[in-house]
Amino acid sequence: MSDNLHDAGMKVRREVLGDAHVDRAVAGTTEFSAPFQEFITNMAWGSVWTREEQLGRRERSMITLAVLTTLRAEDELAMHVRAALRNGLTAEEIREVILHTAVYAGVPQANTAIAAAQQVLRDEGVIE
């Protein structure tokens, strides 16, 4: 992959997830995980998240929260709740995305997601 794709991906990845998270991911990269780190930086962040003329970061965050709720990917969901806040979503909007997802993906998935989101929002001082 080109350096430009990687650089663009790393820039967006840092803006969305925060420097601390990305620094931990980079520091934890091993010979085994390096190809995966390169893949997500180039493809997810460099090729898709940079396409802001099609969907903005707020919309991408909403979609990501819905998909992660559906998949019951709680660890990723917590990280992307923080990212959604950085991308301008409110606690109420995050809640509504999860509530809407419950209709299509199921209440058990949404129940888990609400608990995970609530914990992040509390930790971030957004809600009590």
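Relevant structure appears above.
Residues numbered from 1 in each chain as written. Predicted model: local features only at pLDDT ≥ 70, side-chain atom pairs only at ≥ 80, totals over all residues. Heavy atoms only, no water.

Q: Give me the lowdown on the layout of surface pockets, citing residues and values where you can.
A: A volume near 410 Å³ is recorded for the largest pocket. Looking at the largest pocket, it is lined by 18 residues, and the ones nearest its centre are Ala44, Trp45, Trp49, Glu76 and His80. Going through the elements one at a time, α1 (3-17), α3 (34-48), α4 (57-71) and α5 (74-86) are the ones with two or more residues in the lining of the largest pocket. The dominant element in the lining of the largest pocket, judged by the number of residues it contributes, is α4, at six residues. In terms of residue class, the lining of the largest pocket is made up of 12 nonpolar, three polar and three charged. (1 Å grid on protein atoms, 1.4 Å probe; cavity = no way out; pocket = protein on both sides within 12 Å on 5 of 7 lines; lining within 4 Å. Points joined across faces, edges and corners; volume = space filled by probe spheres on them. Helix = DSSP H or I, 4+ residues; strand = E, 2+ residues; numbered from the N terminus. Nonpolar A, V, L, I, M, F, W, Y, C, P; charged D, E, K, R; others polar.)

Q: Outline the packing of helix α6 (residues 91-105) against helix α7 (residues 107-123), supporting the account with residue identities and numerical values.
A: Axis separation between α6 and α7 bottoms out at 8 Å; the angle between their running directions is 165°. Relative to α7, the element α6 lies roughly antiparallel. With respect to the hand of their crossing, α6 and α7 are arranged in right-handed fashion. Counting all contacts with α6, which are made through Ala91, Ile94, Arg95, Ile98, Ala102 and Ala105, the residues of α7 involved are Val107, Gln109, Ala110, Ala113, Ile114, Ala117 and Leu121. (Axes fitted to C-alpha atoms, helices over the stretch in contact; angles between N-to-C directions. Parallel < 35°, antiparallel > 145°, perpendicular 65-115°, else oblique. Left-handed = near helix turned anticlockwise from the far one by under 90°. Contact = heavy atoms within 4.5 Å.)

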